[in-house]
Amino acid sequence: MKKKRDEEPVIREQPVTYDDYAAMPDDGNRYEIIDGVMELMSPGPMAVHQTLSRELLLLLIQSCRSDYAIFYAPFDVILSKVNVVQPDILMIHRSRIDIVKPHGVEGAPDLVVEILSPSSRKRDKVVKAGVYAKHQVPEYWLVDPETRTLEQYRLDGERYELAEIYEADDRVSSDKLPCVSFVLGEAFDEVNRLNLHN
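Note that the structure is predicted; figures quoted are calculated from it, not measured.

Novice: Quick question: what am I supposed to make of the overall build of the protein here?
Specialist: The helix and strand tally for the protein stands at four helices and 14 strands. Scored against the burial criterion, the 198 residues of the protein give a buried share of 45%. Intrachain contacts of the protein at a sequence separation of at least 6 include 53% that bridge at least 24 residues. When the accessible surface of the protein is split by element, carbon and sulfur atoms take 50% of a total near 11,200 Å².

As structure tokens, then:
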């Protein structure tokens, strides 16, 4: 007797894992895995994104290097087998340095920073924020080159609450990361000198 159509087995795609990702040949592209789905990241960052990323990195190194290991993209953060991301900047307290492995970070950093671009805005604000919160990253910053602001989110249970919005002459600080202390406008000085626009 023939099976009815609705009784036919459903074939589901298996989620992509870090092992699958690590086994892929290098094709020159950058990928992230979000909830088992591999996503191609946008093309290389624009000049304003690259400049801002470097300047923020330098400011964080100046104030936090003795207490934190600081990394920048491309660098894998393996939050779980099915969530592998490459934040623009991340910091890990030196007391937790054991989560840093030769191939990337295995676990939640203390701080993750994403610099928004037109193509990543929704993904960074919604999708990746959800993944970082789910995996208990205590603090998440979104830096917007268009508005020249830094949105500071702190983990509250299983979701982020907006703690502060910094702009121009505001001094960025953090209860969770006491070493952080810099004026946000300093991160945009080189962007201004180079006359870069997003």
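Now that the structure has been shown, the text picks up again.
Novice: Is there a simple way to explain helix 2 (residues 47-64) in this structure?
Specialist: With 18 residues, helix 2 extends 25 Å between its outermost C-alpha atoms, agreeing within 8% with the 26 Å of an ideal straight helix rising 1.5 Å per residue. Buried residues of helix 2: Val48, His49, Thr51, Leu52, Ser53, Glu55, Leu56, Leu57, Leu59, Leu60 and Cys64, and no others.

Novice: Help me out: how do you make sense of the sheet that holds strand 10 (residues 139-144) in this one?
Specialist: Pairing is mixed across the open sheet formed by six strands, whose spatial order is 3-6-9-10-11-12. Of all strands in the sheet, those with a lone pairing partner are strand 3 (68-72) and strand 12 (159-167), marking the two edges. Averaged over all adjacent pairs, the angle separating strand axes in this sheet is 20°, with direction ignored.

Novice: Help me understand the pattern of salt bridges in this model?
Specialist: A side chain with one charge may pair with a side chain of the opposite charge, provided their charged atoms come close. Summed over the entire model, instances satisfying the criterion amount to 13 salt bridges. The salt bridge involving arginine 123 is made with glutamate 32; its shortest N-O contact spans 2.7 Å. Linking arginine 123 in helix 3 (residues 121-134) with glutamate 32 in strand 1 (residues 31-34), this pair joins segments that are 91 residues apart in sequence. Taking relative accessible area as the criterion, arginine 123 reaches 19% and is therefore assigned buried. Notably, a salt bridge pairs lysine 125 with glutamate 151, separated by 3.3 Å at the nearest N-O pair. With lysine 125 in helix 3 and glutamate 151 in strand 11 (residues 149-156), this residue pair connects regions lying 26 residues apart in the sequence. On the basis of relative accessibility, which here comes to 14%, the residue glutamate 151 falls in the buried class. Sharing partners across several salt bridges, the network here consists of Glu32, Glu39, Glu114, Arg123 and Lys128.

Novice: I'm lost on the pairing of strand 10 in this one. Help?
Specialist: Regular strands show a simple pattern: their side chains alternate between the two faces of the sheet. In terms of burial, strand 10 is largely enclosed, as six of its six residues are buried. Every second residue of strand 10 is oriented toward a common face, with Glu139, Trp141 and Val143 on one face and Tyr140, Leu142 and Asp144 on the other, all of them buried. Here strand 9 (residues 111-115) runs beside strand 10; their pairing, made up of five bridges, is parallel. Its bridge partner being in strand 10, isoleucine 115 is matched across the sheet by valine 143. Remark: the strand 9/helix 3/strand 10 crossover connection has right-handed handedness. Bridge count for strand 10 against strand 11 is six bridges, and the pairing is antiparallel. Along strand 11, the bridge assignment pairs tryptophan 141 with glutamine 152.

Quick notes on the rules
- Residues numbered from 1 in each chain as written.
- Predicted model: local features only at pLDDT ≥ 70, side-chain atom pairs only at ≥ 80, totals over all residues.
- Heavy atoms only, no water.
- Helix = DSSP H or I, 4+ residues; strand = E, 2+ residues; numbered from the N terminus.
- Buried < 20%, exposed > 50% of the residue type's maximum accessible area, 1.4 Å probe, protein only.
- Contact = heavy atoms within 4.5 Å.
- Areas by Shrake-Rupley, 256 points an atom, 1.4 Å probe, with all protein chains shown as cover.
- Expected span 1.5 Å × (residues − 1).
- Pairing = 2+ DSSP bridges.
- Axes fitted to C-alpha atoms, helices over the stretch in contact; angles between N-to-C directions.
- Salt bridge = Lys/Arg side-chain N within 4 Å of Asp/Glu carboxyl O.
- Right-handed = clockwise from strand over helix to strand, strands pointing away.

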